[in-house]
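Listed below, chain by chain, are the residues.
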Amino acid sequence: MALKWQDFKTDVFIDWCPGCGNYGILAALQMALAELAIEPHRVVLVSGIGCSGKISHFVKANGVHVLHGRTLPFAQGIKIANPDLEVIAIGGDGDGLGIGMGHLVNAGRRNIDITYLIHDNGVYGLTKGQASPTLKLGLKVKAIPRPNINEAVNPLIIALAAGYTFVARSYAYDTKHLKEIIKQAIRHKGLALVDILQPCPTYNDINTKEWYAGEDRIDPKTGKPAPRLYKLEGTGYDPVVHDLSEDFNKKLAAMEKAREWGDKIPIGVFYKNELIPTFRERITQRIPFYMKNPPAKQKIYDDEGSPITDVYVFFKELKVT
Amino acid sequence: MMDKGFNWMAGGPQGSGVDTAANIFGRACGYGGLYVYGRREYHSNIKGLHSYFHLRILSSEVSANVNDVDMLAAFDAETVVRHISEIVPKGGIIVDQNQLDIKILEIPTLPPEFKLIFQDFLKENGIGDRLADLLEYARNKGIYVFEVPYIELLKQIASKLGIEKLSKITQIINVLTIGISFGLLRYNIGLVKKAVKDIFGEKPKIVEMNLFTLEIAYEYAKDNFSKDFNDRIPIGTVNEERIFLSGNQAVAIGKVLGGCRVQTYYPITPAADESEYIEAHEILPTKIPGVEAGVVVLQTEDEIAAINMASGAALTGARASTSTSGPGFSLMVEGLSWAGNNEVPVVITYYQRGAPSTGLPTRHGQDDLRFAIHAGHGEFPRIVLASGDIRECFYDAVNAFNYAERFQLPVIHLIDKALANSSQTFPVFDVSKVKIHRGEILDEKMLGGIEYKRFAFTESGISPRVLLGTKNGVHWYTGDEHNEYGHISEEPHNRTRMIEKRMKKLEAVEREVPISEKINFLGEQNAKNMIVSWGSPKGAIVEALNELSREGYSLGFLQVRMVHPLPREHVKEILERAERIIDVELNYSGQLGGIITEKTGVSMDFQIVKYNGRPMTTTEVYNALKLVLEGKAPKRQVLTYGA
């Protein structure tokens, strides 16, 4: 049965600010799920804390709205126990790159087959506008009393260094592009991170929709704004690792691209490598029946309600008679 | 008279094979039909600091040490110094002849605060400054000293085996002292050889070297020491299958029996051994041919990830748990609160050790009862189980999962280091009565056509569960307060009902879990004197109680196993019958006693506590109880035994 994006809509009132980039992300996600035709009961959205964290309640698919910074541990636990589920972790930049940074880095080491979407708007919205880890040094967005004294982190470079095998960036207001990137991320075999640039109309008065659109820089020739964002697709940039021998250079190239900011900001897929064993493959190396009979699906008791596990084998090892 | 059995202690620097020695010794005794209880003590250190194993050997089951050491196998001089005062008259010390001239106070690994005390001890007893002087003092107290030329024997072994460098076999001093010990005991060497083979089974060269060493040492003892200990070791009988295992192992086996299929952990003492043991057995044998089972063990980046990964796994229907100690549990607290709010059946095995902070990472304590019961912001239901011995660790590990799923709440299984790292002989655990109870789970068919509400209001407070991934059963969770669907709700009337719904589940726990799984009672029903305790002191208390009952005292023992929710009516009723209530705990404040008073209004008349980082022994519990019974005890006695 073909699915429509409306099949992924709940009746829960959406309480984001008017003009919030989250609306675009929500729409792109619903469209991506519909186009990939993943049945809602097979999807688990694990969302963090902050404005973005509420997204799981607006999507008609299983939603696990967790603790601040902990989307990835929950998501990994779910995926490992039941690898048949399509697990998508979603959180803000403060959630993932601030309080949850340790998990972000360590998830990379596992290359587990889930998708991680980061709403990246440079501020903590729900607590009223403090600087997030992606706000550049020296910027003073409107609600902070003094300019930001911390250097910003670059989520793409961190993801590349940590071992993510799909690293991309998109933009909340380019729903079509974002939808395609999300689809690719979901389809990717391995751990995918999508950094989603997103204006916060309420608290980030610097990286606004107009700023991304370049409305402050009118091209004298055309009289039109020169947008800051450009798409990697069509520039000849090839993010795909075709052979492990080119991995290192591809990563370096992706990092180089990820450093571009200011007048030219690339969006698209920076890096993609499906040659690294996923966590499921690593577990299957040890537990051969893992995919057929993962933890969530194992029968643990018999018809009498007695345990299936035969612990006598353990006792035999420990026997002293 | 209490049967103290034979008490053997092996000690040496960490990394010198003390554990292996104890394991060989314990197994060899097991093969001879004897029961063993062994306590492992070690520093938070990899190599060099003092560690020891204190084994008690009896012809019947035993779960505690006594203060005595009948034979000390000292790998080094420090072991003699540290344990000299524990050796009983007519006991023996096996010591390296080459170390006799060592100046005691110059042993570099002895800490200054120890030296200060020991210096006074030497002075008071007029003992000189060399190890030989201390041994002379021991001889005067009737202790037999067996001086053995360790190095010469090692040289002999090396040359026979064609090993050139002596440094390659100094590691074998542990087996050398075992050979001497069993030689002195005139114990059946065949049984010791069997133990060596079992332990080093897969490494034939090592087996050969150890067997050879064993024989040389055994013969050396027989040939050189006319004094023997032949009559010291009890005679055992074997008429059943027995196992020798630690609390860590008992929990691990209990978990996989109980259906644990995802275990997460971050390395911490004394919990990590459990996870590693499970991981080593990740593919599980099953009773039904063709049915496959396996556990995924995940070492996470921290305990925050450990608890939350386990909760995530639990939402899919896998039985999931994590194991930790105090510092790790501290990090898990926010995740515990989420699990409580979202009614997640997750199990946390909590191995207490000396606290606060890093505290005594490798030592004993029951400091965290109140923490386990109260941890987490907000009010939410949980169960806290506290096992009293290694056998209970096993069955409670199964119970924990059953309770977690039946009542849909986090279960904390409290254990302490005295159970985790001690090893004991048991008849093979009976699993014939073990059952799995998963609570109400709705599947695809049951869900057809209905609108599923994960947190539906029900009479019992328990809402039927749907596992993530079930067709027709899309649902939501959130750490925010939520409505029946699991969507965020801040409405006051919903909030009231939701809190009540969750808390009500504790009433179901009180109603439905049989009292036999919540408390144990021993001794006289209407005893005048009632002991109350929980966790590892059980072993010492039971033995002391039996002895004092034989002496004619009226004594009962209430062991609380489900410490939360406290079965308060039963506890109250039992305690109110008594004239004197004696609270025995391995902490400073008597935490369980305080909780009982809070919940029942019954106050503790006497306190016997210990907080020196060492577990309670039968000897000291017996002595302290006797003072109470004789009316000579102060309200509070603080026990201090242990090296």
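Values in this document were obtained by computation on a predicted structure and should not be read as measured data. (Residues numbered from 1 in each chain as written. Chains lettered and ligands numbered in written order. Predicted model: local features only at pLDDT ≥ 70, side-chain atom pairs only at ≥ 80, totals over all residues.)

Trainee: Before we go on, may I ask you to explain the sheet that holds strand 4 (residues 69-74) of chain B in this structure?
Mentor: As a general point, the strands of a sheet are linked pairwise by backbone hydrogen bonds and lie either parallel or antiparallel. Residues and elements named next belong to chain B. Pairing is mixed in the open sheet, where 8 strands are placed in the order 6-5-4-1-3-2-16-7. Lying at the two open borders of the sheet, with one neighbouring strand each, are strand 6 (144-148) and strand 7 (242-246). Averaged over all pairs of adjacent strands, the angle between strand axes in this sheet comes to 15 degrees, irrespective of strand direction. Summarising the sheet, strand 4 and strand 5 (residues 87-96) pair through 4 bridges and their orientation is parallel. Each bridged residue has a counterpart across the sheet, and for Ala-73 the counterpart in strand 5 is Ile-94. On the sheet, helix 4 (residues 131-140) packs against strand 5 and strand 6 and is oriented at approximately 150 degrees with respect to strand 5. (Pairing = 2+ DSSP bridges. Helix = DSSP H or I, 4+ residues; strand = E, 2+ residues; numbered from the N terminus. Axes fitted to C-alpha atoms, helices over the stretch in contact; angles between N-to-C directions. Contact = placed C-beta atoms within 7 Å.)

Trainee: In this structure, what is going on with helix 17 (residues 492-512) of chain B? I would like to understand it.
Mentor: What sets the pattern is the α-helix's 3.6 residues per turn: residues three or four places apart point alike. Residues and elements named next belong to chain B. With 21 residues, helix 17 ought to run about 30 Å at 1.5 Å a step, and its terminal C-alpha atoms sit 31 Å apart, in line with that. Buried residues of helix 17: Met-498, Arg-502, Lys-505 and Val-509, and no others. Buried residues along helix 17 sit against strand 14 (383-386) and helix 14 (390-407). (Expected span 1.5 Å × (residues − 1). Buried ≥ 20, exposed ≤ 12 C-beta atoms within 10 Å, placed from the backbone.)

Trainee: Sorry, what's going on with the sheet that holds strand 3 (residues 86-92) of chain A here?
Mentor: Taken together, the 9 strands give an open sheet; going across it, the order is 9(A)-10(A)-7(A)-8(A)-4(A)-3(A)-1(A)-2(A)-17(B), and neighbouring strands pair in mixed fashion. Edge positions in the open sheet fall to strand 9 (229-231) of chain A together with strand 17 (476-478) of chain B, since each of these has one partner strand only. Averaged over all neighbouring strand pairs, the angle between strand axes comes to 20 degrees, with direction disregarded. The pairing of strand 7 (residues 166-171) of chain A with strand 10 (residues 265-272) of chain A spans 4 bridges and is classified as antiparallel.

Trainee: Help me understand unusual backbone geometry in this model?
Mentor: Backbone phi values are negative for most residues with the exception of glycine, while trans is the configuration of most peptide bonds. Cis geometry marks the peptide bond from Thr269(B) to Pro270(B); its omega dihedral reads 0 degrees. As for its position among the elements, Pro270(B) is in the loop between strand 8 (260-265) and helix 10 (272-280). With phi around 80 degrees, Lys128(A) is a residue other than glycine that occupies positive phi space. For Lys128(A), the location among the structural elements is in the loop between strand 5 (123-124) and strand 6 (130-131).

Trainee: I keep staring at helix 7 (residues 175-187) of chain A and nothing clicks. Help me out?
Mentor: All names here are of chain A. Spanning 13 residues, helix 7 covers 18 Å between terminal C-alpha atoms, matching the ideal 18 Å at 1.5 Å per step. Looking only at helix 7, the buried set comprises Leu-178, Lys-179, Glu-180, Ile-181, Ile-182, Ala-185 and Ile-186. Where helix 7 is buried, its residues touch helix 1 (22-36), strand 3, strand 4 (115-120), strand 7, strand 8 (192-197) and strand 10.

Trainee: Could you clarify how one ought to interpret the packing of helix 1 of chain A against helix 7 of chain A in this entry?
Mentor: Helix-helix packing is described using two parameters, namely the angle between the two axes and the distance between the axes. All names here are of chain A. The N-to-C vectors of helix 1 and helix 7 enclose an angle of 50 degrees; their axes lie 8 Å apart at closest approach. When the axis of helix 1 is compared with that of helix 7, the two are oblique. Classified by chirality, the crossing of helix 7 by helix 1 is right-handed. Touching Gly-24, Ile-25, Ala-27, Ala-28, Leu-29, Met-31, Ala-32, Glu-35 and Leu-36 of helix 1 are Thr-175, Leu-178, Lys-179, Ile-182, Lys-183 and Ile-186, all from helix 7. Its residues assigned to classes, the contact of helix 1 with helix 7 comprises 10 nonpolar, 2 polar and 3 charged. (Parallel < 35°, antiparallel > 145°, perpendicular 65-115°, else oblique. Left-handed = near helix turned anticlockwise from the far one by under 90°. Nonpolar A, V, L, I, M, F, W, Y, C, P; charged D, E, K, R; others polar.)

Trainee: Would you mind going over the interface of chain B and chain A with me for this structure?
Mentor: Interface extent is often summarised as the accessible area lost during association of the parts. Between chain B and chain A, the residue contacts involve 72 residues of the former and 57 residues of the latter. Counting residues per element, the side of chain B that touches chain A draws most heavily on helix 11 (residues 303-315) of chain B, which supplies 9 residues. Among the residues forming the side of chain B that touches chain A, the class breakdown is 36 nonpolar, 22 polar and 14 charged. The pairing of strand 2 (residues 62-65) of chain A with strand 17 of chain B spans 3 bridges and is classified as parallel. Its bridge partner being in strand 17 of chain B, His65(A) is matched across the sheet by Thr478(B).

Trainee: For this particular structure, what's the right way to read the domain arrangement of chain B?
Mentor: Residue and element names in this part refer to chain B. Per the domain assignment, the segments of chain B are domain 1 (6-224), domain 2 (245-427), domain 3 (444-512) and domain 4 (518-639). Using only C-alpha atoms to locate each centre, domain 1 and domain 4 end up separated by 35 Å. With 6 residues of domain 1 at the interface, the matching set in domain 4 holds 9 residues. Here the residues of the side of domain 1 that touches domain 4 are counted per class, giving 2 nonpolar, 3 polar and 1 charged. (Domains from an automatic or database assignment.)

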